[in-house]
Amino acid sequence: MNYEELMLRAITKAEKFKFTAKPNPVVGAIVFKDNEIISEGYHETYGKNHAEINAIEKAKNYLGKKFESFSELSLICTLEPCSHHGKTGSCADFIVDTGFKNIIIGAIDPNPKVAGKGIKILQDNNISVEFGLFEDLVEKQNKFFFYKHKNKKPYITIKIASSLDGKSHYNDERVFITSQSSLDDVQKIRAEYDAILTGGNTLRNDNPKMNSRVDFALNQPKKILLTNNAYSKELDFFKNASVDVFKINDLKKIINSYQNSEICSILIEAGPKLVNSFLKEGIVDELIVYSSTKKLGEKGINWFYEDNAIENYGFKLESSYKIDTDLKEIFKK
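Remember, predicted model here, so these are calculated numbers, not experimental data. Once a new chain begins, its residue numbering starts again from 1 and follows that chain's sequence as written. Where local features are concerned, this predicted model is filtered to residues with pLDDT of at least 70; where side-chain atom pairs are given and counted, the filter is 80 or more; whole-chain, interface and lining totals use all residues. Water and hydrogen atoms play no part in the side-chain values, which are based on all heavy atoms of the structure.

**Regarding the overall build of the protein**
And then number 1: Labels follow the DSSP assignment, with helices taken as runs of H or I lasting at least four residues and strands as runs of E lasting at least two, numbered in each case from the N terminus. The helix and strand inventory of the protein stands at 12 helices and 15 strands.
And then number 2: Counting only C-alpha atoms, the protein reaches 75 × 40 × 35 Å along its principal axes.
And then number 3: Counting the 333 residues in the protein, one finds 50% classified as buried.
And then number 4: In this analysis, two residues are considered to be in contact whenever any of their non-hydrogen atoms come within 4.5 Å of each other. Across the protein, contacts joining residues at least 24 apart in sequence account for 72% of those joining residues at least 6 apart.
And then number 5: Areas reported as accessible are Shrake-Rupley estimates using a 1.4 Å probe. Residue values count occlusion only from the protein chains shown. In the structure as shown, the protein presents an accessible area of about 16200 Å², 47% of it carried by carbon and sulfur atoms.
And then number 6: Only four residue types enter the charge count, namely Lys and Arg as positive and Asp and Glu as negative; His and the chain termini do not. Charge placement uses NZ in Lys and CZ in Arg. For Asp and Glu, CG and CD serve respectively. Of the charged side chains in the protein, 47 are positive and 46 negative; the average position of the first set lies 5 Å away from that of the second. Here's how the labels work: a residue is buried when its accessible area is under 20% of the maximum for its type, exposed when over 50%, partly exposed in between, all with a 1.4 Å probe on protein chains only.

**A word on the sheet that holds strand β6 (residues 155–162)**
And then number 1: Should DSSP find at least two bridges between two strands, the strands are taken to pair. Across the sheet, 8 strands lie side by side as β10-β9-β8-β11-β6-β12-β15-β14; this open sheet has mixed pairing. If you trace the sheet from one side to the other, it starts and ends with β10 (243–246) and β14 (316–323), each paired once. Strand-to-strand twist in this sheet, taken as the mean axis angle between neighbours without regard to direction, amounts to 20°.
And then number 2: Two strands pair when backbone bridges link them, and strand β8 (residues 195–199) and strand β11 (residues 265–268) are joined in this way by 3 bridges, in the parallel orientation. Bridge assignment links A195 to a residue of β11, and that residue is I266.
And then number 3: Docked against the sheet, helix α8 (residues 180–192) engages β6, β8, β11, β12 (286–291), β14 and β15 (326–332), running at close to 165° with respect to β12. For helices, the fitted line uses only the C-alpha atoms of the stretch in contact; every axis is such a line through C-alpha atoms, and the angle between N-to-C directions lies from 0 to 180 degrees.

**Some thoughts on the sheet that holds strand β3 (residues 74–79)**
And then number 1: Read from one edge to the other, the open sheet built from 5 strands follows the order β2-β1-β3-β4-β5, with strand pairing classed as mixed. Two strands lie at the open edges of the sheet, namely β2 (36–42) and β5 (128–131), each paired on one side alone. In this sheet, adjacent strand axes meet at a mean angle of 15° when their direction is disregarded.

**Details of the packing of helix α3 (residues 51–59) against helix α4 (residues 91–98)**
And then number 1: In contact at an axis separation of 9 Å, α3 and α4 are set at 25° when each is read in the N-to-C sense. Taken together, the axis directions place α3 and α4 in an arrangement best described as roughly parallel. Remark: the crossing between α3 and α4 carries left-handed chirality. Contacts from E52, I53, I56 and E57 of α3 reach α4 at C91, F94, I95 and T98.
And then number 2: Here the nonpolar group is Ala, Val, Leu, Ile, Met, Phe, Trp, Tyr, Cys and Pro; Asp, Glu, Lys and Arg are the charged ones; every other residue, Gly included, is treated as polar. Among the residues making up the contact of α3 with α4, the classes are represented as 5 nonpolar, 1 polar and 2 charged. Working definition: roughly parallel below 35 degrees, roughly antiparallel above 145 degrees, roughly perpendicular at 65 to 115 degrees, and oblique for all remaining angles. Left-handed describes a crossing whose near helix is turned anticlockwise from the far helix by less than a right angle; the clockwise case is right-handed.

**Topic: the pairing of β2**
And then number 1: Within β2, 5 of the 7 residues are buried, which leaves the element mostly enclosed by the surrounding structure.
And then number 2: The sheet contact formed by strand β1 (residues 28–33) and β2 spans 6 bridges and is antiparallel. Its bridge partner being in β2, F32 is matched across the sheet by I37.
And then number 3: Where β1 folds back onto β2 in an antiparallel hairpin, the turn is made up of 2 residues, including D34, whose phi is positive at roughly 55°.

**What about the environment of Y3?**
And then number 1: Secondary-structure assignment places Y3 in helix α1 (residues 3–14).
And then number 2: Given a relative accessible area of 27%, Y3 falls into the partly exposed group.
And then number 3: In this structure, the C-alpha to C-alpha distance between Y3 and I76, residues 73 residues apart in sequence, is 7.8 Å.
And then number 4: When residues no more than four places from it in sequence are discounted, the contact partners of Y3 are F32, I76, N102, I104, E130 and L133.
And then number 5: Counting of polar contacts relies on pairs of N or O atoms within 3.5 Å, with two restrictions inside protein: one atom must be capable of donating a hydrogen and the other of accepting it, and residues adjacent in sequence are counted only when both atoms are side-chain atoms. In this structure the side chain of Y3 is engaged in a polar contact, spanning 3.2 Å, whose partner is the side chain of N102.

**Here we look at the pairing of β14**
And then number 1: Two strands pair when backbone bridges link them, and β14 and β15 are joined in this way by 7 bridges, in the antiparallel orientation. Bridging from a neighbouring strand, Y321 pairs with K328 of β15.
And then number 2: Here β14 folds back onto β15 in antiparallel fashion, the turn holding 2 residues, of which D324 has a positive phi close to 55°.

**What to know about the packing of aromatic side chains**
Each aromatic ring pair is summarised here by two numbers: the centre-to-centre distance and the angle between the ring planes.
And then number 1: Note on aromatic contacts: the rings of Phe and Tyr and the six-membered ring of Trp form a pair at centre separations within 6.5 Å, being stacked when their planes are under 30 degrees apart, edge-to-face when over 60 apart, and tilted otherwise. Per the counting criterion, the structure on display carries 12 aromatic pairs.
And then number 2: When the centroid spacing of 6.1 Å and the interplanar angle of 80° are considered together, the rings of F145 and F146 count as edge-to-face.
And then number 3: When its relative accessible area of 9% is taken as the criterion, F145 is described as buried.
And then number 4: Between Y147 and Y155, the ring centres sit 5.1 Å apart and the planes meet at 80°, which makes this aromatic pair edge-to-face. Y155 matches Y147 in its accessibility class, with the two residues each being buried.
And then number 5: Among the aromatic residues, ring-to-ring pairing joins F144, Y147, Y155 and Y193 into one connected group.
And then number 6: Lysine and arginine charges are scored as sitting over a ring when NZ or CZ, respectively, is within 6 Å of the ring centre and within 35 degrees of the ring normal. The lysine or arginine in question, K143, covers the ring of Y155, its NZ or CZ lying 5.3 Å from the ring centre.
And then number 7: The ring of F237 carries the charged tip of K223 above its face, separated from the ring centre by 5.0 Å.

**Some remarks on the state of the cysteines**
And then number 1: The term disulfide is used for any two cysteine sulfur atoms that are within 2.5 Å. Considering all chains together, one arrives at 0 disulfides under this definition.
And then number 2: No disulfide involves C82; its sulfur sits 3.6 Å from that of C91, the nearest cysteine.
And then number 3: C91 gets classed as buried once you look at its relative accessible area, which sits at 1%.

Below is the structure:
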């Protein structure tokens, strides 16, 4: 197998762990000799061993059987090995200590704590390093992680459910507008994000769980609540959840507070007032709209107050397709 085939294999197999590795990026690593794969490793669980460590530890089982020294082997890494000590040790130092002489890397880590430092450690220890192989695919696979470090803020998506006449709900009354298929789709979207944000009115009126109810393993999103009013911690929203509560109204300050955290993406599920406030601040990157065939009529609360409001905020329609009887549209800046 050539480098291209091995890198594509590592990228593809790493995808399996996207919901359990987050908010860390997914990473794959393959140890090989000539055309034979010796071992593979992936960053499977947040806070646990990184991909390189898992691959190398497995390879040790074949020392003296398939190879005599790690200097005979090469290592494929989809993302630059980390150089700093966080929840785990430095992967770059571990690779050096193991004795590799040839490393092929997909993308440079955009995190300033790493960003070329891992490669420098390898090169300073006489290891041959190639990088940039399918870096576009690695960045696409970890789009939230790359966005966060390039833009110094989390990727922000708003999700709304709208009636055919552009309404959100009735005053002080919870309304299910979209189909069960759309509700199920929302659960999968929630699973992709590191955090879910809502406001006090939604919390008190709807008593939402706002977790991801899916049939696969995942790290549940952190929850963020914006409210100046009293609330009960007995509500479903707080059960078995990590919740940050903000009582300030400065939305940019709230989002910027996550600049140095591990949160790379935030999904906003809130009412029209808070949604429009975020849109006016210009800090939203994506808008997902589920539209049903139902009408709520004049008593319904509008999502927006102008025609083509989404476009007026600078968004363009990227995709549109049917889910059951509903229409799902994705708008991006």
